[in-house]
Amino acid sequence: MRNAGTWWIIALIMLLLDLYVFQALRTVTQNSSERLRTWIHVSYWVISLFTLAALLSFPYIQALQSSKLFRNYVFAILVGIFFAKLVGSLFFFTDDLRRGSLFLLSKILPDTGARFMGEGNGIPRSTFLSWLGLGLGGGLFGTLLYGFSNKYKYQVKKMQLGFANLPRSFDGLRIVHISDIHSGSFHNKEAVNQGVELILQQKPDMILFTGDLVNDRADEMHDYMDVFNRLKAPMGVYSSLGNHDYGDYVAWPSQQEKAANLERLKQVHAQLGWRLLMNEHVLFNRDGEQIAVLGIENWGAKGRFPKYGKMHEAYPGTENIPFKILLSHDPSHWDAEIKPKYSDIDLMLSGHTHGMQFGLENPYFKWSPVQWMYKQWAGLYEEGNQKLYVNRGYGFIGYPGRVGILPEITVIELTAIS
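Residues numbered from 1 in each chain as written. Predicted model: local features only at pLDDT ≥ 70, side-chain atom pairs only at ≥ 80, totals over all residues. Heavy atoms only, no water.

Asker: Help me understand the sheet that holds strand β12 (residues 379–383), please; the structure alone is not making it clear to me.
Answerer: Strand pairing in a sheet is mediated by backbone hydrogen bonds. Such pairs are either parallel or antiparallel. Spatially, the six strands line up as an open sheet ordered β6-β7-β8-β9-β13-β12, and their pairing is mixed. In the strand order of this sheet, the two ends are held by β6 (280–286) and β12, each with one partner. Ignoring strand direction, the axes of neighbouring strands in this sheet form an average angle of 20°. Relative to strand β13 (residues 386–390), β12 runs antiparallel, the two being bridged by five bridges. From the neighbouring strand, L380 faces β13, where its bridge partner is Y389. Sitting on the sheet, helix α11 (residues 332–341) touches β8 (324–327), β9 (347–350), β12 and β13, and the angle it makes with β13 is about 160°. (Pairing = 2+ DSSP bridges. Helix = DSSP H or I, 4+ residues; strand = E, 2+ residues; numbered from the N terminus. Axes fitted to C-alpha atoms, helices over the stretch in contact; angles between N-to-C directions. Contact = heavy atoms within 4.5 Å.)

Asker: So what exactly am I meant to see when it comes to the nonpolar core here?
Answerer: If you look at soluble globular proteins, the nonpolar side chains tend to sit buried side by side. Counting residues in hydrophobic clusters, the biggest one holds 36 residues, and the most contacted among them are L213, F228 and Y394. Only β2 (174–178), α7 (189–201), β3 (206–210), α8 (225–228), α9 (255–272) and β14 (408–416) provide two or more residues apiece to this core. Listed in part, the 25 residues of the second largest apolar core include L166, F170, I175 and F284. (Core = buried A, V, L, I, M, F, W, Y, C linked by side-chain atoms within 4.5 Å. Buried < 20%, exposed > 50% of the residue type's maximum accessible area, 1.4 Å probe, protein only.)

Asker: Help me understand the pattern of salt bridges in this model?
Answerer: Opposite charge on two side chains makes pairing possible when the charged atoms of those side chains draw close. Under the definition given, this model contains 15 salt bridges. Among the ionic pairs, K324 bridges to D344, the shortest N-O distance being 3.0 Å. Linking K324 in strand β8 with D344 in the loop between α11 and β9, this pair joins segments that are 20 residues apart in sequence. The class of K324 is buried, set by a relative accessible area of 2%. Ionic pairing is found between K339 and D335, a salt bridge with its closest N-O pair at 2.5 Å. (Salt bridge = Lys/Arg side-chain N within 4 Å of Asp/Glu carboxyl O.)

Asker: Can you help me understand unusual backbone geometry in this one?
Answerer: One can expect most non-glycine residues to show negative phi and most peptide bonds to be in trans. Even without being a glycine, N279 presents a positive backbone phi close to 60°. With respect to the helices, strands and loops of the structure, N279 is situated in the loop between β5 (275–276) and β6. Its identity as a non-glycine residue notwithstanding, D287 has a phi of 55°, on the positive side. Assignment of secondary structure puts D287 in the loop between β6 and β7 (289–295). According to the relative accessible area criterion, D287 is exposed, its value standing at 70%.

Asker: What is the right way to read the side chain of H177 from this model?
Answerer: Along the chain, H177 falls in strand β2. Owing to a relative accessible area of 0%, H177 belongs among the buried residues under this scheme. The contact partners of H177, leaving out residues within four places of it in the chain, are L208, T210, L349, S350, Y389, N391, I409 and T410.

Asker: Hey, could you run me through a nonpolar patch on the surface in this one?
Answerer: On the surface, L12, L15, L16 and L19 cluster together to form a nonpolar patch covering roughly 350 Å² of accessible area. In this fold, L19 is placed in helix α1 (residues 4–28). Residue L19 is classed as partly exposed on the basis of its relative accessible area of 39%. (Patch = residues over 30% accessible without salt bridge, like charges linked within 9 Å, V, L, I, M, F, W, Y side chains within 5 Å. Areas by Shrake-Rupley, 256 points an atom, 1.4 Å probe, with all protein chains shown as cover.)

Asker: I'm lost on the sheet that holds strand β4 (residues 237–240) in this one. Help?
Answerer: With respect to topology, six strands assemble into an open sheet ordered β1-β14-β2-β3-β4-β5, the strand pairing being mixed. Looking at the sheet topology across the chains shown, the edges are occupied by β1 (155–163) and β5. Here β4 pairs with β5 via two bridges, running parallel. Bridge pairing in β5 links Y238 to R275. Contacts between α7 and the sheet are confined to β1, β2, β3 and β14, with β14 contributing the most and set at about 10° to the helix.

Asker: For this particular structure, what's the right way to read helix α2 (residues 34–57)?
Answerer: Spacing of three or four residues puts side chains on the same side of an α-helix, whose turn is 3.6 residues. In this model α2 runs 34 Å from its N-terminal to its C-terminal C-alpha over 24 residues, within 8% of the 34 Å that 1.5 Å per residue would give. Residues of α2 that are buried: H41, Y44, S48, T51, L52, A54 and L55. (Expected span 1.5 Å × (residues − 1).)

Asker: Mind showing me how you'd approach the pairing of β6 here?
Answerer: The side chains of a regular strand alternate, first on one face of the sheet and then on the other. One ladder, built from seven bridges, connects β6 with β7; its direction is antiparallel. Pairing of N285 across the sheet is with Q290, part of β7. With antiparallel pairing between neighbouring strands as the criterion, β6 and β7 make up a hairpin whose turn holds two residues, including D287 at a positive phi of roughly 55°.

Asker: How should the packing of aromatic side chains be read in this particular structure?
Answerer: Within this structure, the stated rule accounts for 19 aromatic pairs. Considering the side-chain rings of Y20 and F92, the 6.3 Å spacing of their centres and the 75° angle between planes classify their relative orientation as edge-to-face. Here the residue Y20 occupies a position in helix α1, and F92 occupies one in helix α4 (residues 68–108), the gap between them amounting to 72 residues. Its relative accessible area of 23% is what places Y20 among the partly exposed residues. A relative accessible area of 2% places F92 in the buried class. Ring centres of F186 and Y394 lie 6.4 Å apart, and the angle between their planes is 80°; this geometry places the pair in the edge-to-face category. Taken together, the residues F186 in the loop between β2 and α7 and Y394 in the loop between β13 and β14 connect sequence positions 208 residues apart. You'll find F186 and Y394 in the same group, each marked buried. Between the NZ or CZ atom of K307 and the centre of the ring of W299, over which it lies, the distance is 5.2 Å. Over the face of the ring belonging to F163 we find K387, whose NZ or CZ atom lies 4.4 Å from the ring centre. (Phe/Tyr/Trp six-rings, centres within 6.5 Å; stacked < 30°, edge-to-face > 60°. Lys NZ or Arg CZ within 6 Å of the ring centre and 35° of its normal.)

Right, here's the structure in full:
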């Protein structure tokens, strides 16, 4: 019954929102037949009461907390309903501001205000704004439902990145970058396996993974070991940890169990054949020339994310290496520490944001609400000689879908430029 009080507060807010939206629903159905109006109103309250019952049941019923169906789909639908009503309420509130202004006008200038009064000396709601709010809210909800079908539609993004200091012997090095697998959210093993096959088809020289292998627990990988152990590359597979890998979002019985979970996750990386970089680096030699790949634990500049990463441990020994790639899960690390202190990190690879799994994107424009929190949230960013690439994520968490921002497999070819 952990945090049950919070759920009751959320349910109360939902109920108040339900009552507010219902006023607009009554407005747009006022000219409908009595039978149709009754059917619409009853349906609305059945759905609303089911939503409230599901929310209030969650903290008390353990089966709901452990159910992937409930946590992924039912909960996402409930959140979708909430935001749909919230969007609609913005228009209803605008209408109420209009009505309140006219009411004040009718008191200050009775003759002028009388023109806006309806029957019974009331100021009627705007049917247009009511329809607009309901339509946009319903459209948002429909879009979120549509997004369920996109969560395994992996997109391959290919690019060439040129660097003046890349050793010539590494010219044309082909890297596949993936991030945020979140195996605890998967339910379609075949679809996930097809994504892995797509990675292998890119024939990378090395594969780099930037954290969040699981949602919380190491055992979430149990059913997917034989999927991700297929990832192989001539120069190896290298990985780092993300914020979800530490089990920080679970109420563990003891710190010992939490620590044991992290140790098991480290073993999972090893069993997959991946080299987990824990604040360390690895050097690659070719024809007498070298590059370095550094990997650190999660380090987030945002206050609520812990700073486990230790660049001061990973960096020593790479000072004289001409080209460096850093695996760091959270892109906020780039502005906060890498640019000001480690200006010779040529390419930083990150994930973490998922592009919020919701937004708009085309070759000329990209937008997502996550950009209000993260300056760098998807794709390539450059400043001076340094580059950051933020992968949009292989998996998903919370919302079991994607709208506009699809799951990503990044293929980066490094080129030496004069």
